Amino acid sequence: MALYNFKKIMVVPTAKDFIDLTLSKTQRKTPTVIHKHYQIHRIRHFYMRKVKFTQQNYHDRLSQILTDFPKLDDIHPFYADLMNVLYDKDHYKLALGQINIAKNLIDNVAKDYVRLMKYGDSLYRCKQLKRAALGRMCTILKRQKQSLEYLEQVRQHLSRLPTIDPNTRTLLLCGYPNVGKSSFINKVTRADVEVQPYAFTTKSLFVGHMDYRYLRWQVVDTPGILDHPLEERNTIEMQAITALAHLRAAVLYVMDVSEQCGHTLSQQLELFNNIRPLFANKPLIVMANKCDVRKISELSEENQKVFTDLTAEGIVVIETSSLTEEGVMQVKAEACDRLLAHRVDTKMKTKKVHDVLNRLHLAMPSKRDQKERPPFIPEGALLRRKAMETNAPKRKLERDVEVELGDDYTLDLQKYWDLMNPEEKQDKIPEIWEGHNIADYIDPQIMKRLEDLEQEEELREKAGEYDSDEESEDEEMKEIRQLASQIREKRKLKILASKEKDTQGSRMPRTAKKVSLSVQQSYSCIRLNDSNHYARRSRSLVRKRKREVSAPPTSRTRSQSASRPPRDQSGVRDAKMLKKVKTMMKNSQKDMNRQGRKGESDRHVFDVKPKHLLAGKRKSGSTSRR
Amino acid sequence: MRIEKCYFCSAPVYPGHGMMFVRNDCKVFRFCRSKCHKNFKKKRNPRKTRWTKAFRKSAGKELTVDNSLEFEKRRNIPVKYNRELWSKTMEAMKKVEIIKNKRQARFIMNRLKKGKELDDAANISEVKKNIHLIRAPHAGQAKQLEDKMVQKLAEDVEMDE
């Protein structure tokens, strides 16, 4: 059932827009660059692609239009009739037919030109063929301008139709204009139909929904019907007639007893009799509306007779007033019940019922003893029901308090707390004290524990735990301490003073070896008084030395060199100092190790200007900082 | 509102301070400042990082087991407000705090006493060895000799008599 597709129909573009759309799409989505010197098959392929692409687009869009719009034969006859009334079936079918033809024509054009292009031998010729093809396709579409406009209007109107489900429970309101149909629907449902004193305020069908007996009901409001033959009816009235004809609903014929609508009772009766054939097979109720103005009993004899006649025929007549809501509920209940009964009856008459009935079995348990077992309703529910019925004032809501106090209102949730002493409800509860959470200390036995702790503390104090050690120190120790500190100070000063002195003069590094000069060298040497002096050999001599037969070192023996303590132990007095020395060494090496340097003097930078930091664009942001 | 404990250094984290990290196994870590947070991210063990309370407690540098510390314990069942209970608790808290501080201070003092003894021993040995740096070795000896002689003379005079 194509109920909701009416809203999902795609927009039908105007002819001009359609052409622009498709052509720009072709330009964007197909390759644009082509040169004379390309191979001919490439040029052909390029232009053929464009033609086919355009054809494809047109074809797709037009097919979509054709499938989206409902086929009048496929949808429910109510909607088919409604659309006929509103849009004229013939015009509609014609428009869609034109679109279909256009689509086929475009396909043919494309096919032809693609075939021709196979024989194009230059870029110019292929290009002209493509131009011709696209031009023809666009002209075909330009001719459809009227159809497309019409379809767009149809689509817009169609999407705004109220969604009436033709198969569900429906109540249909009909009658002369201005009798009170729209007021009724406003009262009974949440619909908000315009109510005005002039006739034909309601110009189309309106739907409202209501609940009764846990079921959803549709209430359909129709425009007023005047009394003339079917052929002379206009579109607005025809909508009402269509609804009456096709919807299987309970009909509520509304009559205006006070004749405020501008038509006498006899005229209304006439209309009623005229459209009587439409009410066949439908539960009917006559509403005598506007009874607050004039009741039936206040009417004249002959008018009263009208109503008595109706009742005699077996039609239910109920007096209602949309203003005072008198009889509205009654009408609702009556109409709904009768419609339900009617629907059940029709269902029972169909063949499908037997399948369902065969599977249903109503089990009535037989009484096993005489004990009464009524249903249990809790007390609270009974009270609530009573309160609902008597409309007793409910408890004061927070919202009421807020409205009362206006600006001074503050939300105070503490008043709802359930404490042991209700007068403590407004207390400000402390949570934190001096960096501790009070909640961590809460304990019902806290006082007892505190007592124990204090007792323990007393015991400890008595045992002398908290006595100060200051007094146990005697005078002697104080004096010794003072002397010791003086001694240490003096020592430090002495050390500093000795450091100032230059006792050794400038020293040679220990790697320097004792050199005994040859006679030649001793003569060249100026300082002859130093026979044994440790001198640093010049480089060339060192080299020469290496090339000759290695002689044992003349200045020291090997045992002597071994007896010299290794570098990291020389000058270290004890384990404590050794540890400190090692720590100092490691500390000074930490930085270098972390930077991966060979030593103190390694200042080599492997990458002075790293490219990844200094070049390139930023992903987001400016490159003004690097 | 609660004052939480920093996961790394066990310092109090007041509301509006620090950072909270929730792991995929739903364990929550609170940090008092970025120092603790960064150390945590470097996967350092707070029990081995010397400046944290966790290290100090596990290395026995601070009071761990004591009755006064049992008063402050995180309770998972909240208690309904009751004015007298709250006021009693507040008083008790203050007293417990005093006792706790005393005991903690005493513990640390006891620990440092040993150092004091070593100090004393070092002082004594220092004085014995190097007293010559501040006092001349025979500084008071002349006076002592004089006193001895005077005493001896007095004894002689007595004996004579």
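Everything below is about the structure printed above this text.
Keep in mind the model is a prediction, meaning the values are calculated, not measured.

Conventions and cut-offs
- Residues numbered from 1 in each chain as written.
- Chains lettered and ligands numbered in written order.
- Predicted model: local features only at pLDDT ≥ 70, side-chain atom pairs only at ≥ 80, totals over all residues.
- Heavy atoms only, no water.
- Helix = DSSP H or I, 4+ residues; strand = E, 2+ residues; numbered from the N terminus.
- Contact = heavy atoms within 4.5 Å.
- Buried area = accessible area lost by both parts, 1.4 Å probe.
- Salt bridge = Lys/Arg side-chain N within 4 Å of Asp/Glu carboxyl O.
- Patch = residues over 30% accessible without salt bridge, like charges linked within 9 Å, V, L, I, M, F, W, Y side chains within 5 Å.
- Areas by Shrake-Rupley, 256 points an atom, 1.4 Å probe, with all protein chains shown as cover.
- Buried < 20%, exposed > 50% of the residue type's maximum accessible area, 1.4 Å probe, protein only.
- Polar contact = N/O pair within 3.5 Å; in protein donor to acceptor, adjacent residues only side chain to side chain.
- Pairing = 2+ DSSP bridges.
- Right-handed = clockwise from strand over helix to strand, strands pointing away.

Asks: Outline unusual backbone geometry, supporting the account with residue identities and numerical values.
Replies: Residue and element names in this part refer to chain A. A positive phi angle is found at F200, which is not glycine, with a value near 60 degrees. By secondary structure assignment, the location of F200 is in the loop between α7 (181-188) and β2 (206-212). For N281, which is not a glycine, the phi torsion comes out positive at approximately 65 degrees.

Asks: For the environment of L244(A), give the residues involved together with the corresponding values.
Replies: Residue and element names in this part refer to chain A. For L244, the position within the fold is in helix α8 (residues 235-246). In this structure the C-alpha to C-alpha distance between L244 and C174, which are 70 residues apart in sequence, comes to 8.3 Å. Once residues lying within four places of it in the same chain are set aside, the contact partners of L244 are L172, C174, I225, V251, I275, L278, F279 and K282.

Asks: Break down the interface of chain B and chain A for me, with residues and values.
Replies: Quoted interface sizes are often the accessible area lost when the parts come together. Residue-level contacts link 46 residues of chain B with 50 residues of chain A. For the pair chain B and chain A, the summed buried area comes to about 5000 Å², and 61% of that belongs to carbon and sulfur atoms. Contact with chain A buries surface across chain B, with F71(B), Y81(B) and M93(B) losing the most and accounting together for 14% of the total. At the junction of chain B with chain A, the criterion picks out 11 salt bridges.

Asks: Tell me about a nonpolar patch on the surface, and name the residues and values.
Replies: On the surface, V344(A), M348(A), V356(A), L357(A) and L360(A) cluster together into a nonpolar patch covering about 460 Å² of accessible area. Mapped onto the secondary structure, V344(A) falls in helix α11 (residues 328-349).

Asks: Describe the side chain of R233(A), with residues and values.
Replies: All names here are of chain A. Looking at the element boundaries, R233 is found in the loop between β3 (215-221) and α8. Judged by its relative accessible area of 12%, R233 falls in the buried class. In terms of polar contacts, R233 uses its side chain to reach the backbone carbonyl oxygen of H228, at 3.0 Å. Once you skip the residues sitting within four places of it in the chain, R233 turns out to touch I225, L226, H228, M238, I241 and L271.

Asks: If you had to explain the pairing of strand β4 (residues 250-256) of chain A to someone new, which residues and values would you point to?
Replies: Residues and elements named next belong to chain A. Of all the seven residues making up β4, seven are buried; the element is thus mostly covered by neighbouring parts of the structure. Here β4 shows a buried face lined by A250, L252, V254 and D256 and a second buried face lined by V251, Y253 and M255. When strand β1 (residues 170-175) meets β4, the two strands line up parallel, connected through five bridges. Among the inter-strand pairings, G175 is bridged to a residue of β4, identified as V254. In this sheet, strand β5 (residues 284-289) lies alongside β4 in parallel orientation, the contact comprising six bridges. Residue pairing in the sheet places D256 in a bridge with N289 of β5. You can see the chain leave β4, run along helix α9 (residues 265-274) and come back into β5, and the turn it takes is right-handed.

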